[in-house]
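Coordinate inspection notes
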Amino acid sequence: MKKKLVVALLSLTLVGTLLMGCGGNGGDTTTDDTTTETADNGGDDGAADADTNDAPAGGGENIQIVSKGFQHQFWQAVLQGAEEAAEELGVTINFVGPNSESDIADQVQMFQNAINQHPAAIGLAALDTEALLDGIAQAQAEGIPIIGFDSGVPDAPAGSILANASTDNYAAGQLAANEGWNAGIRDRVVNANGSVRIGVLSQDATSESIINRGLGFIDQIATLVEAEGLTVSITGNTRYVNDSAVEETGEGGDVIIEVLVPSQVTNELSAIDMQTLLNKEDTIVIYGSNQHSGEAMVTGNATIQRLGVGADDVLGIAFDSGATIKQAIRDQLFMGAVTQAPVAMGQAVVQLAVAAARGETVSDVDTGAQWYTADTIDNPEIYQNLYD
Amino acid sequence: MGAGVKKGNAFTNNPIVKTVGTQKIVVIGVIIFLAIFFSWMSPAFRQYSTVVSIFDFSYYVSLMAIGVTFPLITGGVDLSIGTGMVAAGLFAGNLVNQQNLPVGLALLVCILFGVALGCLNAFSVAKLNLPPFIATLSSMMIARGLGSILVGGMSVTWPAGATEQGWFRSIFRLDANGTLIPVGFILILALVIVMSVFLNHSRPGRYIISVGSNKEAARLSGIHVAKWHALAYIISGFFTGLAGVAYAATFQGIVPGTGAGLELDAIAGVIIGGTSMKGGYGTIGGTLLGVFVMSLLKTGLPFIGLQANWQQIITGIVLIIAVFIDVTRNAKK
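Residues numbered from 1 in each chain as written. Chains lettered and ligands numbered in written order. Predicted model: local features only at pLDDT ≥ 70, side-chain atom pairs only at ≥ 80, totals over all residues.

Digging into unusual backbone geometry
Heads up, the rule is: Per the convention used, a helix needs a DSSP run of H or I reaching at least four residues, while a strand needs a run of E reaching at least two, with both numbered from the N terminus. Three classes are used. A residue is buried when 20 or more other C-beta atoms lie within 10 Å of its own, exposed when 12 or fewer do, and partly exposed in between, with C-beta atoms placed from the backbone.
A positive phi is found at Asp320 of chain A, a non-glycine position, where the angle reads about 65 degrees. Inspection of the secondary structure puts Asp320 of chain A in the loop between β10 (315–319) and α10 (323–330). Given 23 C-beta atoms within 10 Å, Asp320 of chain A falls into the buried group. Even without being glycine, Asn100 of chain B reaches a positive phi, approximately 55 degrees. Mapping Asn100 of chain B onto the fold places it in the loop between α6 (81–99) and α7 (103–127). When the 8 C-beta atoms within 10 Å are taken as the criterion, Asn100 of chain B is described as exposed.

This is the structure we're talking about:
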């Protein structure tokens, strides 16, 4: 009797799990549908424009854009920018992407389809360059120009990618330093009694984009501090200490830059790193170089509560967005954050593709990054680049 | 402390020591030592916010650890609790964000997800007779993959504390006019008491212990071994779901594909707390104390300038000592 009950219970839970699975998949499909629809609309819009656009403005070229997918709202914003540029230039775009960033084979297929349509140019954000090499060679042989975007096509054969539209992460880190400096860091540094500490939270010391965002910030802060006639020293994670432009290591500077990297990427360890910085009395600023670090700043501050924009508060600077970071900016828990510009990225890839198709010389475009604060977060040109 | 243990009869016959248990006295001693040591080394450690932080980061580990004590007592293990906790938090949080599910219901879904995972483990271990290590290693992978699929690979952020749906965050940390009260600790204590009574004074609890101490003897004495063996994993699953709630309440974004490795923190806590890896012996109170040793090390070491990597080395050493005590005890028996 009891045995039957247990078996029944188990079966029920298994069925339950399956149902949960189905429910989730249902959700997935809906997302896919919307994205496909949006993508189709993009194509249609472009086509309509090309039809009505008899004016000499556009040549009506067909541009194929193969992205990494639509999982992230980031990509919706890229699509929006691409559509805007297509309309402006009078070309047709077809914007596609796999269901997830692990569906490499799907992307290869999409890239192949794009080539088979003999477009005027192709925009490509590669998931796996290796898997796309055959297609890249074929496109080159057929004289179809390829433009990289987002993280581009790393390690592609020389000359195969004519230009890239991507974020210059080092410059984005410098932007965070410059804006933060003017908005309050300078006052704290110049008016300090004794040395002050600027904390940098990094998710890891391996990803190029994260390292560059960190180094851009560190080097720029150092330049600004030295311009005031003060000294800088750096301590913490070896990779950052070695690669930064700061000469002096240790705790000896008027401004001490301390870089913390957790031994594993977990919410808890990053939050403890944040608390380590908050617990040092001389800390005046903390910069988190990606969404994970920005969220760890919020978690770590929850019990210590030193972040803010008041005179005695520790200033917080984040990178990218997401629901938590956007809320922290609105609440003025963070003084500001840097966002990449996916809309500009979408515009740039189409502009570069069209220019390349028309035989013009193209070169890499830094699609830029923007500084945003509680005051500017709702400006349309900022808000379009933020996601949950 | 070592001398204290060796006092022999006078020490072990002390009524307090008898009720609390020798290993637990040692662990309590370690906790007091660590607290004094860190306070002495770092003035910044001596702050109320540090206490709240230690509690804050201990809840999800404590809950996983209370649950996994049961499979460990049966001589098994549950490796799926880390990725299972993250998957539960992802799935339920996604329902709040995408389907507008009320948070109260989502918390229930989170717990049920854990129970379902526990049932899967129970089925593999008690019904299919798979070795617990393999069975739960498999479900650990399944939970990791399933969590990602269910949310389409995107990270999930449960509602923020300040929002209407964010009330669940005060289950563990109450903000009373600026003073933070770690109410989660009271909840955890209550659960420890309930589960201790269940383990030591209820028939199912005693049966679970007997499965771990001598499976064959238990079977021969007419105990339905498979049933109670299964129950241990279902309890572990239930607490995995509860840990998912605590994890969602403490942290911001939950990222798909994470969680692997967190189960080892919980298991280490259980072992430090005196539960035998061989099964047949363990206490819930000891588990909580073991988790606190881990939490104190994690939070305290950065205060004395020892960063992340050192903390793992020291935790490893503490674990070796704890297991050594366990081995010595078994040898004496």
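There is more to say after this.
Looking at the sheet that holds strand β4 (residues 146–149) of chain A
All names here are of chain A. Definition in use: Strand pairing is assigned whenever DSSP detects at least two bridges linking the two strands. Working definition of a contact: two residues with C-beta atoms, positioned from the backbone, lying within 7 Å. Between the N-to-C directions of two axes lies an angle of 0 to 180 degrees, each axis being a line fitted to C-alpha atoms and, for a helix, fitted only over the stretch in contact.
The strand order across the open sheet formed by six strands is β2-β1-β3-β4-β5-β12, and the pairing between neighbours is parallel. Edge positions in the sheet fall to β2 (92–96) and β12 (365–366), since each has one partner strand and no second. With respect to the sheet, helix α3 (residues 104–116) is in contact with β1 (62–66), β2 and β3 (121–124), its orientation differing from that of β1 by roughly 170 degrees.

Observations regarding the confidence of the model for chain B
All names here are of chain B. The following threshold applies: The pLDDT score gives, residue by residue, the confidence of the prediction method on a 0 to 100 scale.
This prediction gives chain B a mean pLDDT of 90; 93% of its residues lie at or above 70. The low-confidence segment residues 1–7, where pLDDT is below 50, has six contacts with residues more than four positions distant or belonging to other chains. Confidence metrics for the complex model read pTM 0.81 and ipTM 0.87.

Describing the pairing of strand β11 (residues 336–340) of chain A
Residues and elements named next belong to chain A. So the rule is basically this: The path from the first strand over the helix to the second decides the hand: if it runs clockwise while the strands point away from the viewer, the crossover is right-handed.
For β11, a buried count of five out of five residues is recorded, marking the element as mostly surrounded by other parts of the structure. Because side chains alternate across β11, one face comprises the buried residues Gly336, Val338 and Gln340, and the other comprises Ala337 and Thr339, equally buried. Pairing between β10 and β11: three bridges, direction parallel. Its bridge partner lying in β11, Phe319 is registered against Val338. Of the crossover connections in this fold, the one passing from β10 over α10 to the parallel β11 is right-handed. The pairing of β11 with strand β13 (residues 369–372) spans four bridges and is classified as antiparallel. When the bridges of β13 are listed, Ala337 appears paired with Tyr372.

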